Amino acid sequence: MSGNWAPLTPDMLGSNNVSNINFDQLNLQCMSCAPGALDDNFNLPLHIGGIFIIFTISCIGLYSTTFLGFRTVSPARDDETSSSTLKETSGSVGFLLHYIKLFGIGVIASTAWLHVLTSAFGNFTSPCLVGFWNLYGGSNWVGLFGLVATLLVNALEYILTQKATRQSLEKSKSLDSHVELAGHFHGFPGNKSITTLLIEASISFHSIIIGLALGVATDEFNSLLVAICFHQFFEGMALGSLIRDLPYTPLKKFVIGLVYPVTTPIGMAIGIGLRSALQNNSQVSIVVQGIFDSLASGVLIYNVYAELFSNEINHNHNFRGLSRAQQVISFCVLYIGAAAMAIVAVWA
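Brief notes about the confidence of the model for the chain
On average, the chain scores 78 in pLDDT, and the residues at 70 or more come to 74%. Low confidence marks residues 72-84, where pLDDT is under 50. Its contacts with residues over four positions away, or in another chain, come to 34 contacts. A low-confidence stretch, residues 177-189 stays under pLDDT 50, and its non-local contacts, those more than four residues away or across chains, total 27 contacts.

Regarding the environment of isoleucine 57
Note on placement: isoleucine 57 falls in helix 3 (residues 44-66). Owing to a relative accessible area of 25%, isoleucine 57 belongs among the partly exposed residues under this scheme. Each C-alpha atom, one on isoleucine 57 and one on phenylalanine 233, is 5.9 Å from the other, the two residues being 176 residues apart in sequence. Every residue in contact with isoleucine 57, bar those within four places of it in the chain, is listed here: Cys229 and Phe233.

Looking at the side chain of glutamine 289
Mapped onto the elements of the fold, glutamine 289 is located in helix 11 (residues 283-314). When its relative accessible area of 19% is taken as the criterion, glutamine 289 is described as buried. Sequence-distant contacts of glutamine 289, defined by excluding residues within four places in its chain, comprise Asn123 and Ile209.

Focus on the packing of aromatic side chains
According to the stated counting rule, one finds 17 aromatic pairs in the structure shown. Both rings, one in phenylalanine 331 and one in tyrosine 335, keep their centres 6.2 Å apart while their planes meet at 35°; by these two values the pair is tilted. Placement of the pair is phenylalanine 331 and tyrosine 335 together in helix 13 (residues 324-344), with a separation of four residues, close to one helical turn. Through a chain of ring-to-ring contacts, three or more aromatic side chains come together here, namely Phe124, Phe132, Trp133, Tyr136, Trp141 and Phe145. When the ring centre of tyrosine 248 is taken as origin, the NZ or CZ atom of lysine 252, which lies over that ring, is 4.3 Å away.

Thresholds, definitions, all that
- Residues numbered from 1 in each chain as written.
- Predicted model: local features only at pLDDT ≥ 70, side-chain atom pairs only at ≥ 80, totals over all residues.
- Heavy atoms only, no water.
- pLDDT = per-residue confidence, 0-100.
- Contact = heavy atoms within 4.5 Å.
- Helix = DSSP H or I, 4+ residues; strand = E, 2+ residues; numbered from the N terminus.
- Buried < 20%, exposed > 50% of the residue type's maximum accessible area, 1.4 Å probe, protein only.
- Phe/Tyr/Trp six-rings, centres within 6.5 Å; stacked < 30°, edge-to-face > 60°.
- Lys NZ or Arg CZ within 6 Å of the ring centre and 35° of its normal.

In structure tokens, the structure reads:
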């Protein structure tokens, strides 16, 4: 890394009490946070090709599950839990869709904990952050923004669910056909759509950050590209299995899903165009990435446990009606999905 940087020495500190200072560590920190010139190893054609590779892999993962065993779901049935595919799709196809969805839930849970949340901690514990962003303990910002995200999502979900419920009741001739309170809102129409869209928005936030990192990568670009391809494929399968059950037309599902595969390429394009600024480890860049990842992790963790686990497993009558062997297999598939993304986290 080039620049006007010079090694720190005791004389520069103006103090005689320097025996406990590790100057090698201080010098390394200054070098890592100092502005630098563009890397000569940056391969622009390869990076541009990577944009199309990531887009294609993301689309394959997403739409392979979105339209697998495709059926049209009417809006009136949006209040059903997704494991109703076991009733609606007979034989092996129904169970395949069921297992793919559980695999996807494991992927999303692992993404929240091992990709998004850890990335946020990495940003807010960066040695390049100084001043205000160290006043709150650095990593505590992750918890704060994550908490804000969960509270906002909970409030938004409540407002939208109440609105959808009122509209449904107004159209109904009898309250008995719609009201099933029992103190739990997850059964009301429209809730599944809200959950899926929030999950897609959170994943998309993180995908932009991933794209930025890939867009400025140099020597490690090839290995990082392969890892992110696996990341996008598994994540796309998970998201596609949720979009599949939305009460929309095939065209609308296609458009909703399209948000996911374009976000990482957009992030890459931004990273390529602004690589000189992003390689400088500026405090603004680090904080923005940290805030985005903190908010995204809060939304994902909330939805994984409050919505997906609850609707698909804990409070799902169809799941409880499965045989003990089928339930064990279902949990194993869930854990395999989580393990797959945990392994990918070693590289991306």
